[in-house]
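Descriptive analysis of the structure
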Amino acid sequence: MAKLLLDNDLIAEEYFSNAQLLGIQCPVEPHKFIWLINKHFGFDFRYQAGSEIELNKKGRKFYFPVFSFDESHLSVQHLIYTNQFDGEYLLPELKFTDFLWLVRSDSNDTAFMQLLANEIRQVSTVQLVTMLSNDKIKNKQHLIL
């Protein structure tokens, strides 16, 4: 019987084809960061039970919470990933990044992302916001829900 294999690179390429990513350095607990973002932007990011990313490393399971907010009138989906859990990283190549903000939309508007990054910098306790290139991320498949 033939085996069917998933091509993780192809899945990641499709997932990120209409997405842009910001890296955020903000040394607070995830629930406080989300509260600050919701308060500042008037957004409604929420944690959905079971929406965390589970990684198995070193014989242990690590859970990285994911928060989502949809702007349905604009066809824009926002996802905020927690990059660190119990000493492990969702994206090890970004160890100094506490949160990842993924924006998926039909238009890859760089100007919008720059405005969003500038506005995130205004949130108290945020230390750094950087635009991340999808090509430079080695473990993209970790971000796929």
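In case you missed it, the structure is sitting above this.
Structure report, in brief. (Residues numbered from 1 in each chain as written. Predicted model: local features only at pLDDT ≥ 70, side-chain atom pairs only at ≥ 80, totals over all residues. Heavy atoms only, no water.)

With respect to the packing of aromatic side chains
Note the threshold: Classification of ring pairs rests on two measures: the distance between centres of Phe, Tyr or Trp rings, Trp counted by its six-membered ring, which must be within 6.5 Å, and the angle between planes, read as stacked under 30 degrees, edge-to-face over 60 and tilted in between. Each helix is a run of DSSP H or I of at least 4 residues and each strand a run of E of at least 2, with the numbering of both proceeding from the N terminus. Burial classes: relative accessible area under 20% of the type maximum marks a residue as buried, over 50% as exposed, and values in between as partly exposed (1.4 Å probe, protein chains only).
Tallying each qualifying case throughout the model produces 11 aromatic pairs. For the pair Phe 45 and Phe 69, a centre-to-centre distance of 5.8 Å together with 50 degrees between the ring planes defines the contact as tilted. You can see Phe 45 sitting in the loop between helix H2 (30–41) and strand E2 (46–47) and its partner Phe 69 sitting in strand E5 (residues 66–71), a full 24 residues away along the chain. A relative accessible area of 15% places Phe 69 in the buried class. Residues Tyr 47 and Phe 67 carry aromatic rings whose centres are separated by 5.9 Å and whose planes lie at 55 degrees to one another, so their mutual orientation is tilted. Of this pair, Tyr 47 sits in strand E2 while Phe 67 sits in strand E5, placing them 20 residues apart in sequence. Classification of Phe 67 by relative accessible area gives buried; the value is 9%. Here a set of aromatic residues connected by ring pairs shows up, and it is made of Phe 41, Phe 43, Phe 45, Phe 69 and Trp 101.

Observations regarding the side chain of Thr 82
For clarity, the threshold we go by: Contacts are assigned to residue pairs with any non-hydrogen atoms lying within 4.5 Å of each other.
As for its position among the elements, Thr 82 is in strand E6 (residues 76–82). Look at Thr 82 and you get buried, because its relative accessible area is 4%. Ignoring sequence-local partners within four residues, the contact set of Thr 82 consists of Pro 30, Phe 64, Pro 65, Phe 67, Leu 90, Asp 98 and Phe 99.

Considering the sheet that holds strand E1 (residues 19–25)
Note the following rule: Two strands pair if DSSP finds at least two bridges between them.
Taken in spatial order, the 6 strands line up as E2-E5-E6-E9-E1-E10 in an open sheet, and their pairing is antiparallel. Pairing within the sheet leaves two strands with one partner each, and these edge strands are E2 and strand E10 (128–132). Sheet topology note: the E6/strand E9 (residues 99–105) ladder contains 7 bridges and is antiparallel. In the strand pairing of E9, His 78 is matched with Val 103.

Description of the environment of Asn 38
Looking at where Asn 38 falls in the secondary structure, it is placed in helix H2. For Asn 38, a relative accessible area of 16% translates into the label buried. Each C-alpha atom, one on Asn 38 and one on Phe 69, is 9.8 Å from the other, the two residues being 31 residues apart in sequence. Those residues within four positions of Asn 38 in sequence are excluded, and the remaining contacts are Phe 43, Asp 44 and Phe 45.

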